[in-house]
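Residue-level structure breakdown
The lines below spell out each chain.
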Amino acid sequence: MLGGPWARRIATRRAWVDELPWDEPPREDADAARWAWTQTTHSEYAAAAAFASITSALLAAGAPIDLIGVASDFVVDELVHVEVSARIAGHLGGGVALQVDLERLVRPPISENPRMQAAELIVRTCCVGESMTLPLLDQSRRRTESELIALALRRILKDEVPHAQLGGWFLEWADRWLTD
């Protein structure tokens, strides 16, 4: 993070991160967890990129400004999740090396039509990806013995629910021009 005025803009959105019990001793057998949280960091970063793409697609599609605003707001949520995931990986002994292509974080839509581009991105990201993530996060939260991880997952899960709901909100708006 750069800090300064930029960090102050999102300070309230990420305040809960500093309130997590970072003094909890890490497990000794944390190698698998380090890999999982490093991978989660990457996934959350890709989700931020996906919501940025969705925001651009919604703008190009002439979507209602509240849908556009919500999608853009979700970018911040995902970046806070990036911070939490990276800090947890660090807390467990450090992240593991991953090969990441920052130019290929989001699979581009295949349609030329701006509305269909938005639909492709939202269905893929919200209706499938985010919706599938919810039960996995909840199961992980319920099964962990770590208070740090349980609290982090509880908050991430709370944020992810509306991310999944964006798909339905978009489809309701788009219903008048979508076809089979």
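Note that residues are indexed from 1 along each chain, following the sequence as it is written. Residue-level local features of this predicted model are given only where pLDDT is at least 70; pairs of side-chain atoms are given and counted only at 80 or more, and the full residue set underlies all totals for whole chains, interfaces and linings. To get the side-chain values, take all heavy atoms of the structure and skip hydrogens and water.

1. Topic: the layout of surface pockets
- The calculated volume of the largest pocket comes to roughly 920 Å³.
- The way it works is a 1 Å grid over only the protein atoms, where trapped points that fit a 1.4 Å probe form a cavity and open points with protein on both sides within 12 Å along at least five of seven lines form a pocket, and then any residue with an atom within 4 Å of a point lines it. The wall of the largest pocket is formed by 33 residues, among which Thr40, Ser43, Glu44, Thr133 and Leu137 lie closest to the centre.
- Helix and strand labels come from DSSP, where a helix needs a run of H or I of at least four residues and a strand needs a run of E of at least two; each type is numbered from the N terminus. For the lining of the largest pocket, the elements supplying multiple residues, two or more each, are α2 (31-61), α4 (114-143) and α5 (147-174).
- Here the lining of the largest pocket gets 12 residues from one element, more than from any other, and that element is α2.
- Charged means Asp, Glu, Lys or Arg here, nonpolar means Ala, Val, Leu, Ile, Met, Phe, Trp, Tyr, Cys or Pro, and polar covers whatever is left, Gly included. In terms of residue class, the lining of the largest pocket is made up of 16 nonpolar, 9 polar and 8 charged.
- Grid points are joined across faces, edges and corners, and a volume is the space filled by probe spheres set on the points. Of the volumes computed, that of the second largest pocket is approximately 170 Å³.
- Around the second largest pocket sit Met1, Ile10, Tyr45, Val76, Leu79, Val80, Val82 and Glu83, which together line it.
- Top contributing element to the lining of the second largest pocket by residue count: helix α3 (residues 65-91), with 5 residues.

2. Some words on the environment of Val82
- Of note, Val82 is situated in helix α3.
- C-alpha of Val82 to C-alpha of Ala57: the two residues are 25 residues apart in sequence and 23 Å apart in space.

3. Section: the nonpolar core
- By nonpolar core is meant a set of buried Ala, Val, Leu, Ile, Met, Phe, Trp, Tyr and Cys residues that side-chain atoms within 4.5 Å join together. A 1.4 Å probe rolled over the protein chains alone gives each residue an accessible area, and that area as a share of the maximum for its type sets the label: buried under 20%, exposed over 50%, partly exposed in between. Within the largest apolar cluster, 22 residues are counted, with the highest numbers of intra-cluster contacts made by Phe51, Ile54, Leu58, Leu166, Phe170 and Trp173.
- Taken together, the elements giving at least two residues each to this core come down to α2, α3, α4 and α5.
- We call two residues in contact when some of their heavy atoms are within 4.5 Å. Contacts of Leu166, omitting those with residues within four sequence positions, involve Phe51, Ile54, Leu67, Val70, Ala71, Phe74, Ile122 and Cys126.
- Grouped together as the second largest cluster of nonpolar side chains are 21 residues, Trp22, Ala33, Val84 and Ala152 included.

4. A closer look at the pattern of salt bridges
- A pairing counts as a salt bridge when a side-chain nitrogen of Lys or Arg comes within 4 Å of a carboxyl oxygen of Asp or Glu. Scanning the entire structure with this criterion turns up 11 salt bridges.
- Between Arg87 and Glu83 there is a salt bridge; the shortest N-O distance is 3.6 Å. Of this pair, Arg87 and Glu83 both sit in helix α3, 4 residues apart, which is roughly one turn of that helix.
- Exposure remark for Arg87: the relative accessible area of 30% places this residue in the partly exposed category.
- Across the pair Asp138 and Arg142 runs a salt bridge, and its minimum N-O distance is 3.2 Å. With Asp138 and Arg142 both in helix α4, this residue pair falls 4 residues apart, about one helical turn.
- Assessed through its relative accessible area of 22%, Asp138 is described here as partly exposed.
- Through salt bridges with shared partners, one network takes in Arg14, Asp18, Glu83 and Arg87.

5. Observations regarding the packing of aromatic side chains
- In this analysis, rings of Phe, Tyr and Trp, with Trp reduced to its six-membered ring, are considered paired at centre separations within 6.5 Å, and the interplanar angle assigns stacked below 30 degrees, edge-to-face beyond 60, and tilted for intermediate values. Applying the stated criterion across every chain yields a total of 4 aromatic pairs.
- Taking 5.4 Å as the distance between ring centres and 80° as the angle between the ring planes, the aromatic pair formed by Phe51 and Phe74 counts as edge-to-face. Note that Phe51 is positioned in helix α2 and Phe74 in helix α3, a separation of 23 residues in sequence.
- The exposure class assigned to Phe51 is buried, which follows from its relative accessible area of 0%.
- Geometrically, the ring pair formed by Phe170 and Trp177 is edge-to-face, given 6.2 Å between the ring centres and 75° between the ring planes.
- In this structure Phe170 comes out as buried when scored by relative accessible area, which is 0%.
- Here the aromatic cluster, defined as three or more aromatic residues joined through ring pairs, consists of Phe170, Trp173 and Trp177.
- Think of it as a cone above the ring: NZ of Lys or CZ of Arg counts as a charge over the ring if it is within 6 Å of the ring centre and within 35 degrees of the ring normal. Over the face of the ring belonging to Trp22 we find Arg87, whose NZ or CZ atom lies 4.3 Å from the ring centre.

6. Focus: the state of the cysteines
- Note that a disulfide, as used here, is simply two cysteine sulfur atoms within 2.5 Å. Enumeration according to the criterion identifies 0 disulfides in this entry.
- Of all cysteine sulfurs, the one in Cys127 lies closest to Cys126, which takes part in no disulfide; the gap is 6.4 Å.
- The exposure class of Cys126 is buried, given its relative accessible area of 0%.
- On the accessibility criterion, Cys127 (30% relative accessible area) is partly exposed.

The quantities given are spatial measurements derived from coordinates; they are silent on function.
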